[in-house]
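This is what each chain is made of:
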2 protein chains.
Amino acid sequence: MAGKLSKIKLNDYQPLREVIFNTLRDAIIMGELKPGERIMEVHLAEKMGVSRTPVRESIRKLELEGLVTMVPRKGTFVSTLSPKDIMDVLEIRASLDALATSLAAKRIKDTELKELDNVHIQFVNYIEKGNLQGIIKKDVEFHEIIYRSSRNDRLIQISSSLREQVQRYRVVYLKGYSNTAEILDEHDRIIKAISSGDSKSAAIIAEEHIKNQEKAIISTVNKSKT
Amino acid sequence: MAGKLSKIKLNDYQPLREVIFNTLRDAIIMGELKPGERIMEVHLAEKMGVSRTPVRESIRKLELEGLVTMVPRKGTFVSTLSPKDIMDVLEIRASLDALATSLAAKRIKDTELKELDNVHIQFVNYIEKGNLQGIIKKDVEFHEIIYRSSRNDRLIQISSSLREQVQRYRVVYLKGYSNTAEILDEHDRIIKAISSGDSKSAAIIAEEHIKNQEKAIISTVNKSKT
DNA sequence: ACAATGTCTTTTGTATATAATGTACTCATT
DNA sequence: AATGAGTACATTATATACAAAAGACATTGT
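Bear in mind that the values here come from a model prediction, so they are computed numbers and not experimental data. (Residues numbered from 1 in each chain as written. Chains lettered and ligands numbered in written order. Predicted model: local features only at pLDDT ≥ 70, side-chain atom pairs only at ≥ 80, totals over all residues. Heavy atoms only, no water.)

Draft legend 1. Layout of the protein's contact with DNA strand C. Taken together, 22 residues surround DNA strand C, and among them M40 of chain A together with L16, S51, T53 and K74 of chain B come closest. Those atoms of DNA strand C that come within 4 Å of the protein belong to sugar or phosphate at a rate of 78%. Within the backbone of R73 of chain A, a nitrogen or oxygen atom sits 3.2 Å from a phosphate oxygen of DNA strand C. L16 of chain B is positioned such that a nitrogen or oxygen atom in its backbone is 2.8 Å from a phosphate oxygen of DNA strand C. Looking at the surface near DNA strand C, the elements that each hand over two or more residues are β1 (38-39) and α4 (52-65) of chain A together with α2 (16-29) and α4 (52-65) of chain B. Grouping the amino acids of the surface near DNA strand C by side-chain chemistry returns eight nonpolar, three polar and 11 charged. (Near = heavy atom within 4 Å. Polar contact = N/O pair within 3.5 Å; in protein donor to acceptor, adjacent residues only side chain to side chain. Helix = DSSP H or I, 4+ residues; strand = E, 2+ residues; numbered from the N terminus. Nonpolar A, V, L, I, M, F, W, Y, C, P; charged D, E, K, R; others polar.)

Given below as structure tokens:
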């Protein structure tokens, strides 16, 4: 059991900068820190009861993730998120989701397939109950399992960063999901394609799935313009 | 002329951490810092004549780019780069290059098309002369123009980070290019597809182009095993 | 009244100091 | 001789101190 213990301890310790990084990232994604809002090191450090150093290090990482924008000797701001930005992200995600799903169709294990089924069932449940938090959670899990099953670590990493961006946009501008029925149906078809090992159609459906999101967002943007 | 002066000054100023970040990144990509090699803050700071702070901040960013690996309270090491890692990267690049090239076929401007032609001509020249440095440079430029023409900023950013990884692998393990004739032919066909606006075949050719690189690398790996 | 300049404040950029942790080595004990 | 505790050393993690730059505002000259 020593292995387990040491592993637990390893997961246990987190440097302050990691804690702060996660806190800030979540705050930005969940819209608590709004696009364009200024981030001041001293202020944050005081608020969290730490010194500026770990705060600074966290901000550097957020910068590379694109969540904040730094202007040298001026300050740091929460990145703005234009419709063009989110279109760019979705354009990429369409490709990468297609890739991940087709890889998953080839490489998924039985246990993962079962997980996928379970998560989907819970997803359907939450939709029926109208539980938005639950819906979001299970939607994220659904795609996470697929990405994990692709057996491509870097793909997992990149796509989760992209997913964050979309999530952020959704929270800040859309404030929720729409067309859940359609999403549900697409998830159904994705599961079928993966479980039958049909990587070609898995890719096609996954790509459509994202493109439909694009359309939904475009229509919302246009609506808010008029 | 005041505008020009102030503009120059603006571009001129780079925080130390940026300079260090770039220096270290290049050193890793060019194989001067070898995979697994340890990176010590004090040591680097002394060597570059600065304090530890900007060095640390640079390392944080390198970590997020995946070029170094940190173990809390132990130290930082140049990331190792297994064949599996590089296969993962190429798998993604195949998709993203296909995407970028198909987008470029739709969105490229005449001036960029001319640039592309020019770079390709220079590329051919360098191949004939056997100038390896030149070949690499023009190959990079070729793909950079295509990515730029995709008009998708995030795609540009992600793919250039992936390209760095491949480049690093090439330098560290392969120490050069092979099958230049094939690459040349593929670039030719990519230009044709883009200039005729044929996004479908542009995507297909670009994907093949990367997959051929995969094959080349796989065969080299297998060769070095025996 | 308006523009230019200077100074004052705020905030970031960099350096250094202190604390905590991991590693390696020595020495004693079995 | 092998193992384990203890200790010294190396290195990172965090905090604080100091320097430099940018922005705001007031003051002064025209």
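Moving on, there is more to tell.
Draft legend 2. Structural view of the domain arrangement of chain A. All names here are of chain A. When cut into domains, chain A gives domain 1 (2-78) and domain 2 (83-225). Taking the mean C-alpha position of each, domain 1 and domain 2 sit 27 Å from one another. The interface of domain 1 with domain 2 comprises nine residues on the first partner and eight residues on the second. Regarding the contact of domain 1 and domain 2, the summed buried area is about 790 Å², with carbon and sulfur atoms giving 56% of it. Considering only the surface of domain 1 that becomes buried against domain 2, I29, P35 and E65 emerge as the three largest contributors, covering 55% of it. Here R25 ties to E164 by a salt bridge, and the two come within 3.6 Å at their closest N and O atoms. Taken together, the links from domain 1 to domain 2 amount to one residue pair in polar contact (both at pLDDT 80 or more). Its residues assigned to classes, the side of domain 1 that touches domain 2 comprises six nonpolar, one polar and two charged. (Domains from an automatic or database assignment. Contact = heavy atoms within 4.5 Å. Buried area = accessible area lost by both parts, 1.4 Å probe. Salt bridge = Lys/Arg side-chain N within 4 Å of Asp/Glu carboxyl O.)

Draft legend 3. Up close: the protein's contact with DNA strand D. Surveying the vicinity of DNA strand D reveals 22 residues, the closest of which are L16, S51, T53 and R73 of chain A together with M40 of chain B. In DNA strand D, the atoms that sit within 4 Å of the protein are 75% sugar and phosphate, with bases accounting for the remainder. Interatomic distance of 3.3 Å between a side-chain N/O atom of R52 of chain B and a base nitrogen of DNA strand D. Broken down by secondary-structure element, the contributors of at least two residues to the surface near DNA strand D are α2 (16-29) and α4 of chain A together with β1 (38-39) and α4 of chain B. Split into classes, the residues belonging to the surface near DNA strand D amount to eight nonpolar, three polar and 11 charged.

Draft legend 4. Structural detail: the interface of chain B and chain A. In this assembly, 32 residues from chain B lie in contact with 32 residues from chain A. In this assembly, chain B packs against chain A so that about 3,000 Å² is buried in total across both faces, 55% of it on carbon and sulfur atoms. In this structure, the connection of chain B to chain A is made through eight salt bridges. E57 of chain A serves as the salt-bridge partner of R60 of chain B, at 3.4 Å between the closest nitrogen and oxygen. Our count for the contact surface shared by chain B and chain A stands at 16 residue pairs in polar contact (both at pLDDT 80 or more). Counting residues per element, the ones that place at least two in the side of chain B that touches chain A are α4, α5 (83-107) and α8 (153-174) of chain B. For the side of chain B that touches chain A, the leading source of residues is α5 of chain B, giving 10 residues. Across the side of chain B that touches chain A, the residue classes tally to 13 nonpolar, four polar and 15 charged.

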